Amino acid sequence: MEDARPIEGGMMIGEKLEVIRIGAEAIISRLEWNGFKMVSKHRVPKPYRFPELDRWIRDRRTLHEARVITSLRRLGIPCPAILLMDRSEATLYLQLIEGVELKKVLDSLPAEEVERLANELGRMVGRMHRGGVAHGDLTTSNIMLDRMGNLYLIDFGLSAITDDLEELAVDIHLLDRSLESVHHRLRAAFMRSFLKGYATAAGMDFLQALIEKVKEIRSRGRYVEERRKRH
Amino acid sequence: MAASKLDEKLVLGIESTAHTFGVGIASSSGKILANVNYVYRPREGGIHPREAAQHHSRIAAKALREALEQAGVKPIDLDGIAFSIGPGMGPCLRVGATVARAIALRLGKPLIGVNHSVAHIEIGRLITGCKDPVVLYVAGGNTMITSYIDGRYRILGETLDIAAGNCLDVFGIKAGIGPMPAPEEYARRGERFHSLPYRVKGMDVSFSGLLTAALKLLGEVRLEDLCLSITETVYSMLTETLERALAYAEKEEILLVGGLARSRRLMEMIEEMAKLHDAKVYAVPPEYAGDNGAMIAWTGVLQLIAGQTLRIEDSRVRPRFRLDEAEARWRMLGL
Ligand SMILES: Nc1ncnc2c1ncn2[C@@H]1O[C@H](COP(=O)(O)OP(=O)(O)O)[C@@H](O)[C@H]1O
Ligand SMILES: [Mg+2]
């Protein structure tokens, strides 16, 4: 077992119990402190990046994630509370969500449950967007589901505080593509319920404008090759 | 591919999506018996589809003859005729398709329509020996991350605007040093890093803001430093999204496909990233990295074995044929 971690100002927090997940960006560990369960999210240095760029990315994302989570919780959008930020270590201490990544279970859930979750997610994302936040990495591995069937959004390092329609539309594009790639059998039904939920929270007109933007985004990347070849 | 001599299959493949007209011959035991490619070089400016198509029709008979000679194969020995059905430029695609239809009809052999992007990946898997990679596809004007999931190559990430290769080429040309690899060579003498817009969305990337910002700095900072900054930023973005895709698709291999795969620095970064996840990195060697006939022939072999052939009536070219619209049934057979 590792030693307790020193925090800015020399405070000690928690005992590291186990690494629960090595994500693409961060190492997530479970901790216990005075009987409270929590996780630490440490953005590890990436040796492949130019050192200055690496430092800048990890610092900015840590700070940004803490800020965004704080404002989302004010809006009542379920995401893990920030307990502490250790900026010098690019580490956040977060509320533990006792659940699983949606990605791991989605394909094995009954159809009605998939629709209920998709609708609920749509409401959450709709409210988040109207609150001026784009998630920036909205895939099924950044959505958690607890045993009571509640959803949480996590991983806000790539998010943006914005009301630019384009940025918001990218979220829908990313979610849709994450379904298309790894849950393709559920994609159509999921997106239908998701958009219904979204409209409930954000309004039909807003949704319509957003969908137009998503179509525009899709027609850009994918056809780059043919566009180039035609000209 | 445990095929005995008796049931060994031979497929001839024709590539003609853009500037290359290529003919390859591949066998089901995984041998490339011929790979003959002729590249149309326009006198000036970009690509002219009609002129490229004219070049392809002029060269077709010669390329076919040479491929058969190189392989030591008679037309009658062939078991299938493959061609790139898309994506690409209509006029160019139609030349390859017409030649393929004519041969298939004359020989009475199956016709096989191959997705060009899938072929880039399959030749990579054959030549490097990797089995189930996440693919960074930086060929032509394209940037995408893809992997085989449940019957197809699914797109995990892509560019939201311009391709990574284009970004660096345009920068190099406007800076007066020429396209890649010039910017990377200059970068080696760079010392100071200037921060440029770093735009990553999930597994997607965007380079146009970065390019604009870099062009604005031309003449204001040392060119070597600017080259360092732009290449490091572009490659970091690609490596980061690839890392995310590797985790998301839960794979253990990485395959680099296309021109930018030749970049030493990008390869080095991706290898360092892969070490963190115990993943292995493979790159398609230059000989097979560009458009070529062998990749169409080999993918044709796989499709023939999996029964993915076409009737002449259904062999219309598909200039907008996306990678994730193509079925990859041979992968379900474990090939
Ligand atoms: N607060 C939390 N409670 C429980 N598990 C978490 C929590 N935060 C993250 N995780 C787990 O760790 C994984 C990676 O965390 P994430 O914040 O998404 O970082 P990364 O940027 O590396 O993907 C998540 O997909 C989830 O399984
Ligand atoms: Mg995550």
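So, how was this worked out
- Residues numbered from 1 in each chain as written.
- Chains lettered and ligands numbered in written order.
- Predicted model: local features only at pLDDT ≥ 70, side-chain atom pairs only at ≥ 80, totals over all residues.
- Helix = DSSP H or I, 4+ residues; strand = E, 2+ residues; numbered from the N terminus.
- Buried ≥ 20, exposed ≤ 12 C-beta atoms within 10 Å, placed from the backbone.
- Contact = placed C-beta atoms within 7 Å.
- Pairing = 2+ DSSP bridges.
- Axes fitted to C-alpha atoms, helices over the stretch in contact; angles between N-to-C directions.
- Domains from an automatic or database assignment.
- Nonpolar A, V, L, I, M, F, W, Y, C, P; charged D, E, K, R; others polar.
- Parallel < 35°, antiparallel > 145°, perpendicular 65-115°, else oblique.
- pLDDT = per-residue confidence, 0-100.
- Near = placed C-beta within 6 Å.

Asker: Hey, could you run me through the overall build of chain B in this one?
Answerer: Along the backbone of chain B there are 11 helices and 12 strands. C-alpha extents for chain B along the principal axes are approximately 65 × 45 × 30 Å. In chain B, which comprises 335 residues, the share counted as buried stands at 59%. Counting contacts in chain B only where the partners sit at least 6 residues apart, residues at least 24 apart contribute 76% of the total.

Asker: Would you mind showing me how to read the sheet that holds strand β5 (residues 36-43) of chain A here?
Answerer: Two modes of strand pairing occur in sheets, parallel and antiparallel, and in both the strands are linked by backbone hydrogen bonds. Residue and element names in this part refer to chain A. Pairing in this open sheet of 5 strands is antiparallel, and the strands run β3-β4-β5-β7-β6 from one edge to the other. Two strands lie at the open edges of the sheet, namely β3 (15-22) and β6 (82-86), each paired on one side alone. Sheet twist, expressed as the mean angle between neighbouring strand axes with direction ignored, is 25°. Of the strand pairs in this sheet, β3 and strand β4 (residues 26-33) are connected by 6 bridges, and their pairing is antiparallel. In the sheet register, Glu18 faces β4, and the bridge partner there is Arg30. Contacting β5, β6 and β7 (91-95), helix α1 (residues 51-74) runs over the sheet at an angle of about 160° to β6.

Asker: It is not clear to me how the domain arrangement of chain B should be interpreted in this structure. Could you clarify?
Answerer: Often the size quoted for an interface is simply the accessible area lost on bringing the parts together. All names here are of chain B. By the assigned domains, chain B splits into domain 1 (10-123 + 288-332) and domain 2 (134-250). The interface is formed by 11 residues belonging to domain 1 together with 10 residues belonging to domain 2. With 4 residues, the top contributor of residues to the side of domain 1 that touches domain 2 is helix α3 (residues 116-128). Each residue belonging to the side of domain 1 that touches domain 2 can be placed in one class, and the counts come to 6 nonpolar, 2 polar and 3 charged.

Asker: Would you mind going over the packing of helix α4 (residues 164-174) of chain B against helix α7 (residues 223-249) of chain B with me for this structure?
Answerer: The description of two helices packed together rests on the angle between their axes and the distance between the axes. Residue and element names in this part refer to chain B. Axis separation between α4 and α7 bottoms out at 11 Å; the angle between their running directions is 180°. In terms of orientation, α4 lies roughly antiparallel with respect to α7. Along the contact surface, α4 presents Ala164, Cys167, Leu168 and Phe171, while α7 presents Ile230, Thr231, Val234 and Leu238.

Asker: Would you take a moment to explain the environment of A:Glu216 for this structure?
Answerer: Along the chain, A:Glu216 falls in helix α6 (residues 204-221). A:Glu216 sits 47 residues away from A:Ala169 along the chain, and the two C-alpha atoms are 9.5 Å apart.

Asker: Can you help me understand the interface of chain B and chain A in this one?
Answerer: Between chain B and chain A, the residue contacts involve 39 residues of the former and 34 residues of the latter. Top element by residues in the side of chain B that touches chain A is α7(B). It accounts for 8 residues. A breakdown of the residues in the side of chain B that touches chain A according to their chemical character gives 16 nonpolar, 11 polar and 12 charged.

Asker: Hey, could you run me through the confidence of the model for chain A in this one?
Answerer: Parts of the model with low pLDDT should not have their predicted coordinates read in detail. When the pLDDT values of chain A are averaged, the result is 90; 89% of them are 70 or greater. For the stretch residues 1-11 of chain A, pLDDT sits under 50, and the model shows 18 contacts to residues farther than four places along the chain or on other chains.

Asker: What's the story with the site of ligand 1 in this structure? I'm lost.
Answerer: Residues and elements named next belong to chain A. The full set close to ligand 1 counts 19 residues, and Arg21, Gly23, Glu25, Pro80 and Asp155 are the nearest of them. The set of elements that each furnish at least two residues to the shell around ligand 1 consists of β4, β5 and β7. Residues belonging to the shell around ligand 1 are distributed by class as follows: 9 nonpolar, 5 polar and 5 charged. Taken domain by domain, the makeup of the shell around ligand 1 includes at least three residues from each of domain 1 (5-95) and domain 2 (99-224).

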